[in-house]
Amino acid sequence: MDFSQLKEAFEIHTGITDEADAAELALWFNEAQLDLAWELSPVKKQSIDVTAGTAFNPPAGWLCVIGADKDYHITPDGKIIFEEEGPAELYYREIPVSFSGTDEEEESTLHQSLHYLLPIFAAARYWEKESEGDSDESRQASKWLSYYYQGKSLAKSRLFGINDPVDCWKIRG
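All of these numbers come straight from a predicted model, not from anything done at the bench. (Residues numbered from 1 in each chain as written. Predicted model: local features only at pLDDT ≥ 70, side-chain atom pairs only at ≥ 80, totals over all residues. Heavy atoms only, no water.)

A.B. asks: Please explain the overall build of the protein chain as it appears in this structure.
C.D. replies: Scanning the protein chain from terminus to terminus reveals four helices and six strands. Starting at the N terminus and ending at the C terminus, the protein chain contains elements arranged as α-α-β-β-β-β-β-β-α-α. Of all 173 residues assigned to the protein chain, the portion counted as buried reaches 40%. When contacts within the protein chain are restricted to residue pairs at least 6 apart in sequence, long-range pairs at least 24 apart make up 70% of them. About 9,800 Å² of surface is accessible on the protein chain, with carbon and sulfur atoms providing 50% of the total. In the protein chain, 15 positive and 32 negative side-chain charges are present, and the distance between their average locations comes to 7 Å. (Helix = DSSP H or I, 4+ residues; strand = E, 2+ residues; numbered from the N terminus. Buried < 20%, exposed > 50% of the residue type's maximum accessible area, 1.4 Å probe, protein only. Contact = heavy atoms within 4.5 Å. Areas by Shrake-Rupley, 256 points an atom, 1.4 Å probe, with all protein chains shown as cover. Lys, Arg positive; Asp, Glu negative; His and termini not counted. Charge placed at Lys NZ, Arg CZ, Asp CG, Glu CD.)

A.B. asks: Please clarify how a nonpolar patch on the surface should be interpreted in this entry.
C.D. replies: A grouping of Val43, Ile66 and Tyr91 is seen on the molecular surface, where their side chains present a nonpolar patch of about 220 Å² in accessible area. Looking at the secondary structure, you find Tyr91 in strand E6 (residues 86-94). The class of Tyr91 is partly exposed, set by a relative accessible area of 31%. (Patch = residues over 30% accessible without salt bridge, like charges linked within 9 Å, V, L, I, M, F, W, Y side chains within 5 Å. Salt bridge = Lys/Arg side-chain N within 4 Å of Asp/Glu carboxyl O.)

A.B. asks: Explanation requested: the sheet that holds strand E4 (residues 72-74) in the structure shown.
C.D. replies: An order of E2-E5-E4 is seen for the three strands of this open sheet, with the pairing classed as antiparallel. Every other strand in the sheet has two partners, leaving strand E2 (55-56) and E4 as the edge strands with one partner each. Strand direction decides the pairing type here: E2 and strand E5 (residues 80-82), joined by two bridges, are antiparallel. Residue pairing across strands places Phe56 opposite Ile80, the latter belonging to E5. (Pairing = 2+ DSSP bridges.)

A.B. asks: How do you make sense of the pattern of salt bridges when you look at a structure like this?
C.D. replies: Side chains carrying opposite charge are able to pair once their charged atoms draw close together. Using the criterion set out here, one finds ten salt bridges in the structure. Across the salt bridge formed by Arg125 and Glu31, the nearest N and O atoms sit 2.6 Å from each other. Taken together, the residues span a long stretch of sequence, with Arg125 in helix H3 (residues 117-131) and Glu31 in helix H2 (residues 22-40) at a distance of 94 residues. On the basis of relative accessibility, which here comes to 34%, the residue Glu31 falls in the partly exposed class. A salt bridge links Asp35 to Lys152; the nearest nitrogen and oxygen atoms lie 3.1 Å apart. Taken together, the positions of Asp35 in helix H2 and Lys152 in helix H4 (residues 135-158) put the pair 117 residues apart, joining distant regions of the chain. Exposure remark for Lys152: the relative accessible area of 9% places this residue in the buried category. The structure contains a network of salt bridges with shared partners spanning Asp35, Glu39, Lys152 and Lys156.

A.B. asks: Help me understand the side chain of Lys70, please; the structure alone is not making it clear to me.
C.D. replies: Following the sequence through the fold, Lys70 ends up in the loop between strand E3 (62-68) and E4. You can call Lys70 buried: its relative accessible area is 13%. Within polar-contact distance, the side chain of Lys70 engages the backbone oxygen of Pro87 at 3.4 Å. (Polar contact = N/O pair within 3.5 Å; in protein donor to acceptor, adjacent residues only side chain to side chain.)

A.B. asks: Even after reading the chapter, I still don't get the nonpolar core, so can you show me in this structure?
C.D. replies: Most often, soluble globular proteins keep nonpolar side chains buried together rather than apart. With 31 residues, the main nonpolar core has Phe10, Leu25, Phe29, Leu36 and Leu114 as its most contacted residues. Those elements that place two or more of their residues in this core are helix H1 (3-14), H2, H3 and H4. For this core, the leading source of residues is H3, giving nine residues. (Core = buried A, V, L, I, M, F, W, Y, C linked by side-chain atoms within 4.5 Å.)

A.B. asks: Quick question: what am I supposed to make of the packing of H2 against H4 here?
C.D. replies: In contact at an axis separation of 11 Å, H2 and H4 are set at 25° when each is read in the N-to-C sense. Between H2 and H4, the interaxial angle falls into the category roughly parallel. Where H2 crosses over H4, the two elements pack in a sense that is right-handed. Residue-level contacts link Ala32, Asp35, Leu36, Glu39 and Leu40 of H2 to Tyr148, Tyr149, Lys152, Ala155 and Lys156 of H4. (Axes fitted to C-alpha atoms, helices over the stretch in contact; angles between N-to-C directions. Parallel < 35°, antiparallel > 145°, perpendicular 65-115°, else oblique. Left-handed = near helix turned anticlockwise from the far one by under 90°.)

A.B. asks: Help me out: how do you make sense of the packing of aromatic side chains in this one?
C.D. replies: Each aromatic ring pair is characterised by the separation of its centres together with the angle its planes make. Taken as a whole and assessed by the stated rule, the structure comprises ten aromatic pairs. Both rings, one in Phe10 and one in Tyr126, keep their centres 5.7 Å apart while their planes meet at 85°; by these two values the pair is edge-to-face. Of the two residues, Phe10 is situated in helix H1 and Tyr126 in helix H3; the sequence distance between them amounts to 116 residues. Where Phe29 meets Phe99, the ring centres are 5.9 Å apart and the plane angle is 70°; that geometry is what we call edge-to-face. (Phe/Tyr/Trp six-rings, centres within 6.5 Å; stacked < 30°, edge-to-face > 60°.)

None of the figures reported here should be taken as evidence of function without further support.
This is the structure in structure tokens:
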């Protein structure tokens, strides 16, 4: 879905037309994208030649490291240090491209099946903003946020063909 379609879906969910600011919608859509990206953004692979003990800067656009085919650890400043020399494969989740709010044709880089969640999240934020202590509007915010988390949970359980589940953990000392 492009930005105009996401905006239209938001307006259908909230019953609001032309009241929502495009920049505010972009912020809400971006917040939802980032929340989804930690567990559902595409996994990318980078082949690198590493030197043992040397700090390596993660690739541009990385969000979090999923794993590598060599032992590694991440420093407090976000650099990756491999424990062995030679070629390595690094797997990471990518940060989604942000919406600017100025281009109606911008599209989310998350999987197409996740796009419908962005306007649902934005509807929750809208009702939260509008509530100002009104209990009916606060309930609307909670309801839409619940729909968002239900959809996210379903996506996590069903998109394993795209994002394989972790089948083991490696303890590093």
